[in-house]
Amino acid sequence: MSKQRLKVSAVDAEILRHGFISVTEEMKINLMRTAYNMIIYEALDFTVGLFDREGQTVSIGLGLPMFIRGMSETIKTTISEIPHEEMKPGDIYITNDAYTTGSHLNHIVLTLPLFEENEVVGFTATMAHWMDIGGQLNGITRDIFSEGLQVPVLKLFDQGKQDETLIKIIRQNVRNPDLAMGDLRAQIAAVRTGEKRFNSLLERYGREKISGSMSFIMERSAERARAAVIEIPDGFYEAECFMDGDGVVDEPIPIHVGVTVCGDEMTVDMSGISPQVEGFYNSGRTAGLSAAQVAFTCLIDPIGRPINDGTYEPLKVLLPDKRVVSAVKPAAMRWWMTIPMTVVDTIFKALAPAIPKRVPAGHHADLAVVDMNGIHPETGSFYRCAGGLIGGGWGAKWNEDGMNSTICINDGDTHNAPIEATEAKFPHKIVRHELRRDSGGAGAHRGGLGVIQEREVLAPNKLNAQIERTQDAPWGLFEGLAGSANKLEIRRQGGTLERYPTGKVLDEELVEGDAYVLYSGGGGGFGNPLDRPVEKVREDVRQGYVSRESATHDYGVVLEPETFDIDEEQTLKTRSAMSTERNS
């Protein structure tokens, strides 16, 4: 037992555990309510956190799971460049270094040191997505220098005084400076809110109890994690899949992971993942580590709070440099988020034989974003819109169907924007937004359904789609069938549909009346479809989730065309024949 742990009781630690969660929740609410861009206040593409003196995560506001390491690693980098003794009350530090956060330059991180008697005792931080950070607007980038303004770790505030020169540089390098400054002020308010609430805890409980509780919480989280890992059978497990390509070289990107469980420790080996690529689908080492930690959290302690570094004490990650999830400079990073979410799914797939009741089948695994930009016909100003974000199907589990129309795993709380808000803000019209029938993989438990969204433009517009996983569909488990893959089409104003071999459609001109039609994938099924109760299949057809044809072809259930009544005799014959065929 550590010396610090002796200084705090379990009761005090539990009270302060909730106090730490409250700090980050209030930070999150303030940022969401004061930001200027929809991607923050509607989509919630941000995260906030509270950290100890060394930069270890104490609590993060539930938001984007993939940010789990980004802020912590940024704080540790900040400490290495600006030692504790050089930090002063009133300081706020800023950076968007892609190889520190592991993500793209659009993620701006603010860090505020917390003090007690002029000594650093912790940090608050926030990472938020800015819609524009300069750089190349359309097409594909091939290095970090073309992707926008790079900000190293700098003082945004020096003892409470803002660096106006730095502000001018940022304003000069973004396309919508007023919106960018609005989001910056929202982030400043968030870290200062965290400071205010933490100082209230500090004043009430004292530094000894605060620091002791941080250590206590992390130790307890580590104990919970080890107890969960030891329940997994020892062994080596592996799985693989592939991405469509990097947008430059038309070749699949292999994803292979190995997982070793030994006693109360788990090791995830990412050595078999593809080397970094020429296109912009790379992410930094921090993202690779985050992918392993997201998977570990889901498998080991999915509801434990606060999310903190103690949980990952039994997890080891083998990740060589220069992989597509541990890329080094000057690798392009703009679409950093896509591959790590498939890495998470592949870890689940690897462990399915060992813990079938803890893992889901594959999910659509893409944000399904269509980046659109142009000149707004009413204001004459430049706009940029993250279209899509429509969610998709999640994989079924051993005891339930997959979720419909849900955002991909790495993006957690990310929301789609309300249609009314989208149409009010941009010259676009949402023609349809509906569930994608038959997209969920058949199984004893059916995969969740994807979504179809058709968005028409009301003025000339540039379109850039970076949709992935159009070739390797979300897999089923234990005889469950795969879900439908993601795909994109463009409907021209005359009605002609343009189809593409993958979801990468870059620098495409749309004119008034053109539209994109985005199809997000469904989740994989779990278990043999012939084991799905006939009444459930009938209800799926009645709800429009499954067609009559799929009910017969995939589930062996024959329904009357008008009433959807079950033809019991034909269903029995069909299922018997299908079972014989599958077992032969």
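Residues numbered from 1 in each chain as written. Predicted model: local features only at pLDDT ≥ 70, side-chain atom pairs only at ≥ 80, totals over all residues. Heavy atoms only, no water.

### Concerning the layout of surface pockets
At step 1: Approximately 830 Å³ is the volume found for the largest pocket.
At step 2: Element by element, the count of residues in the lining of the largest pocket is highest for helix α7 (residues 285-300), at 5 residues.
At step 3: For the lining of the largest pocket, the class distribution of residues is 18 nonpolar, 8 polar and 6 charged.
At step 4: Of the pockets and cavities examined, the second largest pocket occupies roughly 550 Å³.
At step 5: Around the second largest pocket, the lining comprises 36 residues; the ones closest to its centre are M38, R384, C385, K425 and F426.
At step 6: Mapped onto the lining of the second largest pocket, the elements with two or more residues apiece are α2 (38-41), α6 (177-229), β13 (382-388), α9 (419-425), β14 (428-435) and β15 (451-457).
At step 7: Here the residues of the lining of the second largest pocket are counted per class, giving 19 nonpolar, 11 polar and 6 charged. (1 Å grid on protein atoms, 1.4 Å probe; cavity = no way out; pocket = protein on both sides within 12 Å on 5 of 7 lines; lining within 4 Å. Points joined across faces, edges and corners; volume = space filled by probe spheres on them. Helix = DSSP H or I, 4+ residues; strand = E, 2+ residues; numbered from the N terminus. Nonpolar A, V, L, I, M, F, W, Y, C, P; charged D, E, K, R; others polar.)

### Some remarks on the sheet that holds β13
Within a sheet, each strand pairs with its neighbour through backbone hydrogen bonds, oriented either parallel or antiparallel.
At step 1: Pairing is antiparallel across the open sheet formed by 4 strands, whose spatial order is β13-β12-β16-β19. Looking along the sheet, the strands with just one partner apiece sit at the ends: β13 and β19 (503-510). If you compare each strand with its neighbour and ignore which way they point, the axes differ by 10 degrees on average.
At step 2: Sheet topology note: the strand β16 (residues 461-467)/β19 ladder contains 6 bridges and is antiparallel. Bridge pairing in β19 places K462 opposite E509. (Pairing = 2+ DSSP bridges. Axes fitted to C-alpha atoms, helices over the stretch in contact; angles between N-to-C directions.)

### Considerations on the environment of E147
At step 1: The topology assignment puts E147 in the loop between β5 (119-129) and β6 (154-158).
At step 2: You can call E147 buried: its relative accessible area is 2%.
At step 3: Through-space distance from the C-alpha of E147 to that of L137 is 8.3 Å; in sequence the pair is 10 residues apart.
At step 4: Not counting residues within four places of it along the chain, the set of residues in contact with E147 comprises L105, I133, G134, G135, T141, F280, A332, M333 and R334.
At step 5: A distance of 2.6 Å separates the side chain of E147 from the side chain of T141, its partner in a polar contact.
At step 6: Here R334 takes part through its backbone nitrogen, which lies 3.0 Å from a polar atom of the side chain of E147. (Buried < 20%, exposed > 50% of the residue type's maximum accessible area, 1.4 Å probe, protein only. Contact = heavy atoms within 4.5 Å. Polar contact = N/O pair within 3.5 Å; in protein donor to acceptor, adjacent residues only side chain to side chain.)

### Some words on the pattern of salt bridges
At step 1: In total, this model carries 42 salt bridges according to the counting rule given.
At step 2: Note that R171 is salt-bridged to D178, the shortest N-O span being 3.3 Å.
At step 3: Owing to a relative accessible area of 34%, R171 belongs among the partly exposed residues under this scheme.
At step 4: A residue is classified by how much of its surface remains accessible, and D178, at 54% relative accessible area, is exposed.
At step 5: The partner of K462 in a salt bridge is D507, with the nearest N and O atoms 2.7 Å apart. Taken together, the positions of K462 in strand β16 and D507 in strand β19 put the pair 45 residues apart, joining distant regions of the chain.
At step 6: Judged by relative accessible area, which is 37%, D507 ranks as partly exposed.
At step 7: Here the salt bridges share partners, and the residues they tie into one network are R432, E434, E454, E456 and R491. (Salt bridge = Lys/Arg side-chain N within 4 Å of Asp/Glu carboxyl O.)

### Quick notes on the packing of helix α5 (residues 164-172) against α6
At step 1: Relative orientation of the contacting elements α5 and α6 amounts to 130 degrees, with a least axis distance of 9 Å. Taken as axis vectors, α5 and α6 run oblique relative to one another. Between α5 and α6 the crossing geometry is right-handed. Only P177, D178, M181 and L184 of α6 make contact with α5, whose side of the interface consists of I167, I170 and R171.
At step 2: Looking at the contact of α5 with α6, its residues break down into 5 nonpolar, no polar and 2 charged. (Parallel < 35°, antiparallel > 145°, perpendicular 65-115°, else oblique. Left-handed = near helix turned anticlockwise from the far one by under 90°.)

### As for unusual backbone geometry
At step 1: With omega at 10 degrees, the peptide bond leading from K329 into P330 counts as cis.
At step 2: Mapped onto the elements, P330 comes out in the loop between β11 (315-318) and α8 (338-351).
At step 3: The phi torsion at D507 lies on the positive side, around 55 degrees, for a residue other than glycine.

### Considering the packing of aromatic side chains
At step 1: Enumeration according to the criterion identifies 6 aromatic pairs in this entry.
At step 2: Judged by centre distance (6.4 Å) and plane angle (25 degrees), the ring pair of F67 and W336 falls under stacked. Placement of F67 in the loop between β2 (57-60) and α3 (70-81) and of W336 in the loop between β11 and α8 is noted, with a sequence separation of 269 residues between them.
At step 3: Note on W336: relative accessible area 4%, which makes it buried.
At step 4: Measuring from centroid to centroid gives 6.2 Å for F280 and W335, while their planes differ by 35 degrees, and the two rings are tilted. (Phe/Tyr/Trp six-rings, centres within 6.5 Å; stacked < 30°, edge-to-face > 60°.)

### Structural notes on the side chain of D366
At step 1: Relative to the helices and strands, D366 resides in the loop between α8 and β12 (369-375).
At step 2: In this structure the side chain of D366 is engaged in a polar contact, spanning 2.6 Å, whose partner is the backbone nitrogen of A368.
At step 3: A polar atom in the side chain of D366 sits 2.8 Å from the backbone nitrogen of E468.
At step 4: Sequence-distant contacts of D366, that is, excluding residues within four places in its chain, are made with T338, M341, C408, Q466, I467, E468 and N486.

### Structural notes on the environment of S439
At step 1: Mapped onto the elements, S439 comes out in the loop between β14 and β15.
At step 2: On the basis of relative accessibility, which here comes to 1%, the residue S439 falls in the buried class.
At step 3: For the pair S439 and V451, spaced 12 residues apart in sequence, the C-alpha to C-alpha distance is 8.7 Å.
At step 4: Ignoring sequence-local partners within four residues, the contact set of S439 consists of G448, L449, G450, G483, S484, G522 and G523.
At step 5: One polar contact links the side chain of S439 to the main-chain carbonyl oxygen of R436, over a distance of 2.6 Å.

Function-wise, these values are silent; they only describe arrangement.
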